[in-house]
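Next come the chains, spelled out residue by residue.
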Amino acid sequence: MEEKAFDELMDSLYVAKEITNIFPKIPEGIKWSYLYVLYAIHELGEEARITDISKKMLISSPNITALVNEMEKKRFVIRERSKTDKRVSYITSTNEGKELLDKYYFQYKKEVAHSINISEDDLMTTIHTLNQLKKYFVTAADKIDKDNYLT
């Protein structure tokens, strides 16, 4: 690939990264990480252990515990002890948490999905291309690390 084309590719990838950070404004005192936790709970079946949420989000359990503690104070989630194993707690979204997730995630997702005017074939090609590019970037980074004895 020519250097100019590669530079344009890199610029486009930076734009793509910026796009993933565009979200609607949320009320003061609410963190986007709350929405991520609520989404993880939703994906895990409306009830999840801290370790389940941690694995789903790729964030350490102590950090998830801290978020859940904050969210519990704001009444977005409730924590309930297992009836069979008192060491285990289940985290469940409250109605307020579900409303927050719907308003600031699902409605936003729906709005974006409806406004994209690209064929499904083009979208699938883009997804495939990005996954291929990731492989190339990982391979190149690994080679440079190896060459520089950083692995």
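In this text the structure is predicted, and so the values were computed from the model without any measurement.

So, about the overall build of the protein. Counting its secondary structure elements, the protein contains six helices and three strands. Mapped in sequence order, the helices and strands of the protein form the string α-α-β-α-α-β-β-α-α. Against the 2.2 N^0.38 benchmark of 15 Å for 151 residues, the protein shows a C-alpha radius of gyration of 20 Å, more extended than a compact globule. Projected onto its principal axes, the C-alpha coordinates of the protein cover approximately 60 × 45 × 30 Å. Counting only residues that meet the buried cut, the protein has 23% of its 151 residues in that class.

Turning next to the sheet that holds strand β2 (residues 77-81). Sheet strands pair via backbone hydrogen bonds, and the direction of the pair is either parallel or antiparallel. On the basis of which strands lie adjacent, the open sheet formed by three strands has the order β1-β3-β2 and antiparallel pairing. In the strand order of this sheet, the two ends are held by β1 (47-48) and β2, each with one partner.

Phi is positive for glutamate 46, which is not a glycine, with a value near 75 degrees. When you line up the elements, glutamate 46 lands in the loop between α2 (32-43) and β1. You can call glutamate 46 partly exposed: its relative accessible area is 28%. The phi dihedral of arginine 75 falls on the positive side, at around 65 degrees, and the residue is not glycine.

Calculation criteria
- Residues numbered from 1 in each chain as written.
- Predicted model: local features only at pLDDT ≥ 70, side-chain atom pairs only at ≥ 80, totals over all residues.
- Heavy atoms only, no water.
- Helix = DSSP H or I, 4+ residues; strand = E, 2+ residues; numbered from the N terminus.
- Rg over C-alpha atoms; globule rule 2.2 N^0.38 Å.
- Buried < 20%, exposed > 50% of the residue type's maximum accessible area, 1.4 Å probe, protein only.
- Pairing = 2+ DSSP bridges.

These values are about where atoms sit, not about what they do.
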